[in-house]
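Structural overview for review
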Number of protein chains: 2
Amino acid sequence: MTSVILPDSVERAPDRPLPPHPPSVAPVVPSDGALTPLALDAVRIKGGLWSHLQDVNASATMPHALTWMEQVGWLDNFDAVAEGRTDAPRPGLSFSDSEAYKLLEALAWESHRTGDAWAERTVVELTARIARAQDADGYLDTCFGHDGQDARWSDLPMGHELYSMGHLLQAAVARYRTAGEDELVAVARRVADHVCDEFGPGAREGICGHPEIETALAELGRALDEPRYLDQARLFLQRRGHGSLGDQPHGRAYFQDDVPIADAVALRGHAVRALYLTAAAVDLAVDDGDADLLRRLGAQWDHTVSRRTYLTGGMGSRHQDEGFGEDFELPNDRAYCESCAGIASVMVAWRLLLATGDVRHADLIERTLYNVVATSPRTDGKAFFYANTLHQRTEGEPVATDRPSPRAESSTRAPWFDVSCCPTNLARTFASLSCYVATVTSDAVQVHQYVDASIAVTLHDAGPVSLEMRTSYPDEGVVEIEVASTPDRPWTLQLRVPSWAHGAVLEAPRQPARPVSPGTCVVEADWQHGDVVRLVLPLEPRVTHPDPRIDATRGCAAVERGPEVMCLEGRELPEGWDLDDVVLTGLVASDSGDEVVADLTRRPQPTDGWPYTSADDGGAVASEHAEVRLGRYRSWGEAGPTTMRVWIPISSTSRD
Amino acid sequence: MTSVILPDSVERAPDRPLPPHPPSVAPVVPSDGALTPLALDAVRIKGGLWSHLQDVNASATMPHALTWMEQVGWLDNFDAVAEGRTDAPRPGLSFSDSEAYKLLEALAWESHRTGDAWAERTVVELTARIARAQDADGYLDTCFGHDGQDARWSDLPMGHELYSMGHLLQAAVARYRTAGEDELVAVARRVADHVCDEFGPGAREGICGHPEIETALAELGRALDEPRYLDQARLFLQRRGHGSLGDQPHGRAYFQDDVPIADAVALRGHAVRALYLTAAAVDLAVDDGDADLLRRLGAQWDHTVSRRTYLTGGMGSRHQDEGFGEDFELPNDRAYCESCAGIASVMVAWRLLLATGDVRHADLIERTLYNVVATSPRTDGKAFFYANTLHQRTEGEPVATDRPSPRAESSTRAPWFDVSCCPTNLARTFASLSCYVATVTSDAVQVHQYVDASIAVTLHDAGPVSLEMRTSYPDEGVVEIEVASTPDRPWTLQLRVPSWAHGAVLEAPRQPARPVSPGTCVVEADWQHGDVVRLVLPLEPRVTHPDPRIDATRGCAAVERGPEVMCLEGRELPEGWDLDDVVLTGLVASDSGDEVVADLTRRPQPTDGWPYTSADDGGAVASEHAEVRLGRYRSWGEAGPTTMRVWIPISSTSRD
């Protein structure tokens, strides 16, 4: 068994100047669209939460994931294939290969982002180990097709072969765009060619039960300028929705094989599957110039966001099938909101933002990044929420720290899972986080996310622009963007004013301060070096009310501050209070910056007995009040096991 | 393959006089307790819903179940064992034998109840077919231990061998008590002896992942006066809760192996498992005179009823593990409320009623019988709800009629299921339904359920009493009980006044009418033949409010009428209305008997978009009203696919 050597401490390259880099160094580079994505290193994140997430990802999460995968034998599966040891029982579920590939993608981005020597070395070593497991014809999967294993493609609905290969292709996209041709890219080319041979026109008619190969083939095709890969992705999309995967206990919607993609009304079934598929469909709609499909996908997305999405941006209401529920089926206590679904939602929203320029997609990305994606990892990056509930009724059972957890339902993050898709998905997302900050058009820079960061771009019609963004957002609402360098030709700065930011104020150079409304604020100026644009976003905590059609939140309110959802942890309550008995009476004005304090009432607890009654207890007196700190949802559970609510009842009886 | 011949029409015996029968002809005959159960035929149900359920069960459901079991090959599994054909793939899940046994139990009760010749013949034929599959040492299971099958007892956690055998034993109890020793009883004795040999003291230490053998051994031990069986049941109970079944994806609570029975706080995990286990624990606590255990079980039950039970009496909040959720986790749209859990709840409540005499248990039995057990079957007895949701958001997908359904989530009842535990469980319950009507003590008759029925009992201290109960309850609230014959010695009549029946009035012979309160109303009189006791229960529809700690029903009310929960079907709404937009404004006084009409408001539907907002739309005007009929919950979906709600919002915004 070949072991990957782990670093004692992560070696870091010295702070490098921003390299002039082709804009194609990004995870998603569509052939067309309203906005152009930036090269990953056109944006250098320097401080704040995003920087913390990237640093912890590099120093903790990636080595942690590698250690666990070694420990549970998922990396040895590659060696076993190479060494002909596949007759022995194989550890891991059928798709465990994909975890190595997602980590590989993360390492590739990270190696490029910081020049981290350990990341670079690990890419090379892991690639070599994986390459040894590739069959002569390009097929690569440690679970099928070898001695003692089921035959290749013998379980398309649940076997995940194409799914896993898709993640390998995405890793190769990262590698190719950051380092050019190498062994990983060569392995991926052989895999992609093999998939095209096996599943191309006139060959095998199948599709994979878990979408992923589609968006991966599309991006690899874009990266390598290989139309065959895009054609294969399109073919997979066209084949879907015709029942070829057969029946499934949760219905064909589970793997979106119930209706053709263009005909769907909303995202449905298994959430990650639905979201990966939609990402691919946007990819193809954009590259094919298929405006009708893009419009249909946008309508499906709008339906999904307005009726099947949690306040946190989380998607997936059901534990049973990890799936979207029906419209307005959004239980808080059983919210699944898988971390991977949050990541996949960002993938879809990002593609739609690039395609349409509609700033609402950037709003959702921000919401989801802060309240799902950043919620999953513990601060130290070594434990994770798999599901992100909005209501923890009990502290839950402790999670195992010495072995993989089942998909934990607890207020405690777990180090690894039997299905451990989330940690490596987070790793690749955090390593490429800078891509979401800004975009360009020919004569404008769009800033979508407010982060302490440097931005250096070249505008087609104007020339090179560099910006220094300084902010403590979302702790504070002031965002200063200094124009560090500007061409002589005119260009505009476009700033997203979040949908909740009523009362935002903009100060542009040599112009009076002016109120700006949610949406896009266009700043035009006769730009000079050293100009500062100042956007002040109102961060007063606000009380948020749900659509009355959502049964699970009726009679409740939530508190938000800027892009962050707040929550009430049971541990913050006065001695003797129970989270079940609390009513939100109001918010308390607080002088201390980002602290949010709620005025709570303790509702007298009914005695036991039959819990449904025609008696009128509307006059019950709630006599106890307390001022209690609300915390950021994304940090919940960090201080230890606790109960927790995002939505808090606002009336003292059930019938007001 | 031996086929059971199905009747063209069910042969019925002429109406027979009530036989003088030993009171032990009942499903549950504890050795002690506050109340003594009656022999099954001490109560003859003559009309109304209960009679309908029994008739349809005999004429439709039992032949239907037999036909399906033959069709899907579950009966041939017995032949396959007898004929050494077990190398071929075996249809059905591991516990499919148990369906034959539950049907056998139903047939045994039915044969006795009506003298139905088809039922009697089928008992004999089915018994012969099963007996051929019994191994020489008494072991009987068509899924394990034969050529090509896994070894006996190789999967105690999920193999269901003891579970299935338990149902065989319960069928034998029915047979022995109604017909005495026969082949079925002999087969069951050999099974029970084998179980005692295999799992007795000093032998195999195991328990079954699905409780059932415990209550079955206890009752067979009572019936046959065989202490060894009771000892074995006690041993199984004592062994449980110590983790011997190992880990399980849903946790050890899934099969109640997390804590010893006496130490539990509430019923938890898989609902049917938890309820069958509790039934057995009550059996043993009673027979052992273990007052402490009985008190603990009562406290667990109280906790469960007050915090983990739906308005319908339904139990089990989670689809994922068919399990109880946490306290107050009672989602309506995802209510599982398995029909079998309703039956099992009645089993527990009945045992507790007999043990304690506490009339609250009879209240819950009534609620559960009307709103879960009677809800499951379609009126024609040939299709069933497996789960009994309280909120159907969409009409759901059509169910298959030509093949077994998965556990259908739809507004359409299905004819058979892959896991088809409910139809045969209903069959045995309906065939023995008369047992729940009344009990006796030495000098009193307790009437628990109001049904058009004759009751004939012999009171130890008074002598034979016969009563004619005439009522159209629950359509109408008047119950008349005529004393058809009475001994000279004094006795009392005890009538349950349901917990909701505020304003009930009692008219006893030669006494002024008097108001009676919920609980037990004791009627003493110098009884004379022909005396009539008249109880008038108020059946005005009432608005019911939930415990404010139940998040899923906050801001909603339900409507009940007598013991029946009402519901609103989408099909009843005016053209263009959507069930999501409806607010309950009040009830409309109706002259027409049992019709319940609600005044509904149509809430203006918000436009699409992000569904959470700080905008105050509390002033939105709801301009449309309509008077809409509410239907019985138990009949929902009978008129065709529809949406449905039990709990209806009562405020026009989410924040009132």
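Report follows, based on the coordinates.

1. Structural notes on the overall build of chain A
Scanning chain A from N- to C-terminus turns up 13 helices and 22 strands. For a compact globule of 656 residues, the expected C-alpha radius of gyration is about 26 Å, and chain A comes in at 25 Å, within 12% of that figure. Overall, chain A is about 75 × 70 × 55 Å in size when its C-alpha atoms are taken along their principal axes. Buried positions account for 65% of the 656 residues belonging to chain A. Within chain A, contacts between residues at least 6 apart in sequence are counted, and of these 67% link residues at least 24 apart. Total accessible area on chain A is roughly 21700 Å²; 49% of this is exposed by carbon and sulfur atoms. Across chain A, the mean location of the 59 positive side-chain charges is 1 Å away from that of the 99 negative side-chain charges.

2. Description of the interface of chain A and chain B
Across the boundary between the two partners, chain A contributes 58 residues, which contact 60 residues of chain B. Between chain A and chain B, the buried area comes to about 5400 Å², and carbon and sulfur atoms account for 50% of it. Where chain A meets chain B, there are six salt bridges. A:Asp551 is the partner of B:Arg645 in a salt bridge, and the nearest nitrogen-oxygen pair spans 2.2 Å. Run the count over chain A and chain B and you get 18 residue pairs in polar contact (both at pLDDT 80 or more). No other element matches the four residues that strand S14 (residues 542-546) of chain A contributes to the side of chain A that touches chain B. Taken together, the residues that form the side of chain A that touches chain B break down as 21 nonpolar, 16 polar and 21 charged.

3. What about the sheet that holds strand S1 (residues 36-37) of chain A?
Residue and element names in this part refer to chain A. Within the open sheet, the five strands sit side by side as S1-S4-S5-S9-S12. Their pairing is mixed. A single partner strand is all that each edge strand has here, and the edge strands are S1 and strand S12 (519-524). Judged from the six bridges that link them, strand S9 (residues 492-497) and S12 form a sheet pairing that is antiparallel. Its bridge partner being in S12, Leu 495 is matched across the sheet by Cys 521. The strands touched by helix H12 (residues 359-373) are S9 and S12; relative to S9, the strand with the most contacts, the crossing angle is about 55 degrees.

4. Describing the relation of the copies chain A and chain B
With an RMSD of 0.0 Å, chain A superimposes on chain B once it is rotated by 180 degrees and translated 0.0 Å along the axis. When the rotation and shift are considered jointly, the pair of chain copies conforms to a two-fold rotation axis. For chain A, the minimum C-alpha distance to the rotation axis belongs to A:Gln320 and amounts to 2.3 Å. Here 100% of the contact residues of chain A are again contact residues in chain B; the copies associate through an equivalent surface.

5. Considerations on the packing of helix H9 (residues 271-288) of chain A against helix H10 (residues 291-307) of chain A
Residues and elements named next belong to chain A. Orientation of H9 relative to H10, taken along the N-to-C sense of each, is 150 degrees, at an axis distance of 9 Å. By the angle class used here, H9 and H10 are roughly antiparallel. Here the hand of the crossing between H9 and H10 comes out left-handed. Of the residues in H10, those in contact with Leu 275, Thr 278, Ala 281, Val 282, Ala 285 and Val 286 of H9 are Leu 293, Leu 294, Leu 297 and Trp 301. Per-class residue counts for the contact of H9 with H10 are nine nonpolar, one polar and no charged.

6. Observations concerning the packing of helix H6 (residues 183-199) of chain B against helix H7 (residues 213-224) of chain B
Residues and elements named next belong to chain B. Packing of H6 against H7 leaves a shortest axis separation of 12 Å and a crossing angle of 120 degrees. Considering the angle they form, H6 stands oblique to H7. Crossing angle aside, the handedness with which H6 passes H7 is left-handed. In this structure, H6 contributes Val 185, Ala 188, Arg 189, Ala 192 and Val 195 to the contact, and H7 contributes Leu 217, Leu 220 and Leu 224.

7. A word on helix H6 (residues 183-199) of chain A
Residue and element names in this part refer to chain A. The end-to-end C-alpha separation of H6 is 24 Å, in line with the 24 Å expected for 17 residues at 1.5 Å each. Those residues of H6 that fall on the buried side of the exposure criterion are Leu 184, Val 185, Val 187, Ala 188, Val 191, Ala 192, His 194, Val 195, Cys 196 and Phe 199. Contacts from the buried residues of H6 go to helix H3 (97-114), helix H4 (117-131), helix H5 (161-179), helix H7 (213-224) and helix H8 (227-239).

8. Examining the packing of aromatic side chains
Residue and element names in this part refer to chain A. Per the stated rule, a full pass over the model turns up 33 aromatic pairs over all chains. Both rings, one in Tyr 139 and one in Trp 153, keep their centres 5.3 Å apart while their planes meet at 85 degrees; by these two values the pair is edge-to-face. Taken together, the positions of Tyr 139 in the loop between H4 and H5 and Trp 153 in the loop between H4 and H5 put the pair 14 residues apart, joining distant regions of the chain. Accessibility assignment for this pair places Tyr 139 and Trp 153 in one class, buried. Between Trp 153 and Phe 199 the ring centres are 4.8 Å apart and the planes differ by 90 degrees, which places this aromatic pair in the edge-to-face class. Placement of Trp 153 in the loop between H4 and H5 and of Phe 199 in helix H6 is noted, with a sequence separation of 46 residues between them. Grouped by ring-pair contacts, the aromatic residues Tyr 139, Trp 153, Phe 199 and Phe 236 constitute a single cluster.

9. Notes on the state of the cysteines
If you walk through the whole model with that rule in mind, you get zero disulfides over all chains. Free cysteine A:Cys208: the closest other cysteine sulfur is in A:Cys143, separated by 12 Å. A:Cys208 sits in the buried class, given a relative accessible area of 2%. No disulfide involves B:Cys340; its sulfur sits 3.5 Å from the nearest other cysteine sulfur, which is in B:Cys422.

10. Some details on the pairing of strand S18 (residues 596-602) of chain A
Looking along a regular strand, one sees the side chains alternate between the two faces of the sheet. Residue and element names in this part refer to chain A. For S18, the buried fraction is high: six of the seven residues fall into the buried class. With six bridges joining them, strand S17 (residues 582-588) and S18 adopt antiparallel strand pairing. Directly across from Val 582, in S18, lies its bridge partner Arg 602. One ladder, built from seven bridges, connects S18 with strand S20 (residues 624-632); its direction is antiparallel. Bridge assignment links Val 596 to a residue of S20, and that residue is Leu 630.

Thresholds applied
- Residues numbered from 1 in each chain as written.
- Chains lettered and ligands numbered in written order.
- Predicted model: local features only at pLDDT ≥ 70, side-chain atom pairs only at ≥ 80, totals over all residues.
- Heavy atoms only, no water.
- Helix = DSSP H or I, 4+ residues; strand = E, 2+ residues; numbered from the N terminus.
- Rg over C-alpha atoms; globule rule 2.2 N^0.38 Å.
- Buried < 20%, exposed > 50% of the residue type's maximum accessible area, 1.4 Å probe, protein only.
- Contact = heavy atoms within 4.5 Å.
- Areas by Shrake-Rupley, 256 points an atom, 1.4 Å probe, with all protein chains shown as cover.
- Lys, Arg positive; Asp, Glu negative; His and termini not counted.
- Charge placed at Lys NZ, Arg CZ, Asp CG, Glu CD.
- Buried area = accessible area lost by both parts, 1.4 Å probe.
- Salt bridge = Lys/Arg side-chain N within 4 Å of Asp/Glu carboxyl O.
- Polar contact = N/O pair within 3.5 Å; in protein donor to acceptor, adjacent residues only side chain to side chain.
- Nonpolar A, V, L, I, M, F, W, Y, C, P; charged D, E, K, R; others polar.
- Pairing = 2+ DSSP bridges.
- Axes fitted to C-alpha atoms, helices over the stretch in contact; angles between N-to-C directions.
- Least-squares fit on C-alpha atoms with pLDDT ≥ 70 in both.
- Parallel < 35°, antiparallel > 145°, perpendicular 65-115°, else oblique.
- Left-handed = near helix turned anticlockwise from the far one by under 90°.
- Expected span 1.5 Å × (residues − 1).
- Phe/Tyr/Trp six-rings, centres within 6.5 Å; stacked < 30°, edge-to-face > 60°.
- Disulfide = S-S within 2.5 Å.

Spatial relationships are all this shows, so hold off on functional conclusions.
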